[in-house]
Amino acid sequence: MVNETVPKVELHCHLIGTLNAKLLREIVLAGDPVLVRPEALRAVGFGEGPRGFADWLDRVEPYKSAGWRDFLPVLERHMERLVEQHVVYAEMMISPMMFPRDLGALVDAFAEFQDWVRERERGRLQVEFLFLVPRSLPDEIIDEDIARCVALARSGGICGISIAGLEQNCPASRFARMFDVLKDHGLGIEVHAGELGGSSEVVEALDIGRADRIGHGISAFQDEGLIYRLCEENVHIEFCPTSNLKMGAAKDMASHPIGLARDLKMNFSINTDDPGAFDCDMNSEFALVAGTFHFGDEDFAAVATNSLAARFQPNLRFGDRLKELAGVEADRKNFVLTE
Ligand SMILES: [Zn+2]
């Protein structure tokens, strides 16, 4: 299948969401520690929606407060899977809670974490990280998180942040100050919007959230004016088809807006969101899109180019495939290649 071998770029994947029974079983077999028994996990089914996902999150509860070292066996196996699926560049969302609160200790621990990741990339794949900020974050923690993000922006730790969580009752406007400060420090901003909420949340993410990328954005396609704006402003949308189906953001694949987005030559990526929770991977997502909307080589090449151009990390470290993709991208955005 051609979609299995095309070079891929993933911009929307939660590290905790990679957990599934198979991956945990591999860790156990290798003699590495796990915080949840493999048999305790089962993927969210079709039709289960947010409740099914909440149940899945309950099952991985110990990982929500786990430290970065607890995630290494998980990340190691996930990175191997990405390489098998021809993913050449990936940005992953991680919790700030994985690292120490003290700013100096945070910078040191993150540098150690990054060194570990770099060693395992082996020139095949580049992995970068975004701090995930839940919409429900208490006001008193927002300033603390700003300081942590700024410290890691200065040290070259994270390349951006992502605002995620239920959109109702938690407007992105609560984070207006955070967006301003982080933008000034060169961090990219991704906002999950228009997944289960309405199109107004996508407008808010653009106007107040100063979002460089929109996660999901499904409901934006109910609003013609907004579709026009997304095209005009070349806003990057991170589509996550299986996640959208299982969460109920799209009722079936035929009505998923990714086909229209391709027809309108919009700027978007194809992602897994939570491949463990939703029992999918990059190959399955590409196959789903190819099967439903007949995406061909040219369409996937445009997806790869647009996805790479929308990355938050300006420096591409290595990889012939990355350079190939970057070559296509050259007239779109200036970037730095380092070896
Ligand atoms: Zn997400």
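Placed above this text is the structure.
Being a predicted model, the structure only gives us computed values, none of them experimental.

(A) Layout of the overall build of the protein chain. Helix and strand counts for the protein chain come out as 15 helices and ten strands. At 19 Å, the protein chain has a C-alpha radius of gyration in line with the 20 Å of a compact globule built from 339 residues. Out of the 339 residues in the protein chain, the part that is buried amounts to 56%. Partitioning the contacts of the protein chain with sequence separation of at least 6, the portion at a separation of at least 24 is 74%. When the accessible area of the protein chain is evaluated, it comes to approximately 14,000 Å², of which 51% is carbon and sulfur surface. The averaged location of the 55 negative side-chain charges in the protein chain is 3 Å from the averaged location of its 35 positive side-chain charges.

(B) Representation of the pattern of salt bridges. On inspection of all chains with the given rule, the structure shows 28 salt bridges. Notably, a salt bridge pairs D139 with R174, separated by 2.9 Å at the nearest N-O pair. With D139 in helix α7 (residues 139–154) and R174 in the loop between β4 (160–164) and α8 (176–184), this residue pair connects regions lying 35 residues apart in the sequence. Residue R174 is classed as partly exposed on the basis of its relative accessible area of 27%. When the shortest N-O distance is used, the salt bridge between R177 and D143 registers 2.8 Å. Pair noted here: R177 is in helix α8 and D143 is in helix α7, with a separation of 34 residues, a long-range link. When its relative accessible area of 45% is taken as the criterion, D143 is described as partly exposed. Among the charged side chains, a salt-bridge network with shared partners connects R42, E48, D55 and R59.

(C) Examining the sheet that holds strand β5 (residues 188–193) more closely. Across the sheet, eight strands lie side by side as β1-β2-β3-β4-β5-β6-β7-β8; this open sheet has parallel pairing. Looking at strand neighbours, the two that pair on one side only are β1 (8–10) and β8 (268–270), the edges of this open sheet. Going across the sheet, the axis of each strand differs from the next one's by a mean of 25 degrees, ignoring polarity. Taken together, the three bridges between strand β6 (residues 213–216) and strand β7 (residues 236–239) define a ladder with parallel strand orientation. Looking at β7, one finds that I214 is bridged to I237. Contacts from helix α9 (residues 199–207) reach β5 and β6 within the one sheet, and its direction differs from that of β5 by about 170 degrees.

(D) A look at the coordination of the zinc ion. Protein ligation of the zinc ion involves H12 (NE2), H14 (NE2), H192 (NE2) and D273 (OD), the donor distances falling in the range 2.1 to 2.3 Å. Here the zinc ion is ringed by four donor atoms whose angles at the metal span 81 to 168 degrees, and the overall shape comes out irregular. Binding-site remark: the zinc ion is held by donors from one chain whose sequence spacing is H-x1-H-x177-H-x80-D. Taken together, the positions of H12 in the loop between β1 and α2 (21–29) and D273 in the loop between β8 and α13 (282–293) put the pair 261 residues apart, joining distant regions of the chain.

(E) Structural view of the packing of helix α5 (residues 68–84) against helix α6 (residues 103–121). One can describe the packing of α5 onto α6 by two numbers: an axis separation of 11 Å at closest approach and a directional angle of 20 degrees. Judged on the interaxial angle alone, α6 and α5 are roughly parallel. By crossing handedness, the relation of α5 to α6 is classed as right-handed. Every residue of α6 that contacts α5 at W68, R69, L72, L75, E76 and M79 is listed here: A109, E112, F113, W116, V117, R120 and E121. When the residues that make up the contact of α5 with α6 are grouped by side-chain class, the tally is eight nonpolar, no polar and five charged.

(F) Summary view of the environment of P38. Of note, P38 is situated in the loop between α2 and α3 (49–59). Note on P38: relative accessible area 3%, which makes it buried. Placed 269 residues apart in sequence, P38 and S307 show a C-alpha to C-alpha distance of 33 Å. P38 has contacts with A21, L24, R25 and V28, leaving out every residue within four places of it along the chain.

(G) Fine view of unusual backbone geometry. Even without a glycine there, the phi angle at N234 is positive, about 50 degrees. Residue placement: N234 occurs in the loop between α10 (224–232) and β7. Phi is positive for D279, close to 50 degrees, though the residue is something other than glycine.

Each value, and the rule that gives it
- Residues numbered from 1 in each chain as written.
- Predicted model: local features only at pLDDT ≥ 70, side-chain atom pairs only at ≥ 80, totals over all residues.
- Heavy atoms only, no water.
- Helix = DSSP H or I, 4+ residues; strand = E, 2+ residues; numbered from the N terminus.
- Rg over C-alpha atoms; globule rule 2.2 N^0.38 Å.
- Buried < 20%, exposed > 50% of the residue type's maximum accessible area, 1.4 Å probe, protein only.
- Contact = heavy atoms within 4.5 Å.
- Areas by Shrake-Rupley, 256 points an atom, 1.4 Å probe, with all protein chains shown as cover.
- Lys, Arg positive; Asp, Glu negative; His and termini not counted.
- Charge placed at Lys NZ, Arg CZ, Asp CG, Glu CD.
- Salt bridge = Lys/Arg side-chain N within 4 Å of Asp/Glu carboxyl O.
- Pairing = 2+ DSSP bridges.
- Axes fitted to C-alpha atoms, helices over the stretch in contact; angles between N-to-C directions.
- Donors = N, O, S within 2.8 Å, 3.2 Å for Na, K, Ca; no water.
- Tetrahedral: all angles 85-135°; square planar, octahedral: opposite > 155°, others 65-115°.
- Parallel < 35°, antiparallel > 145°, perpendicular 65-115°, else oblique.
- Left-handed = near helix turned anticlockwise from the far one by under 90°.
- Nonpolar A, V, L, I, M, F, W, Y, C, P; charged D, E, K, R; others polar.

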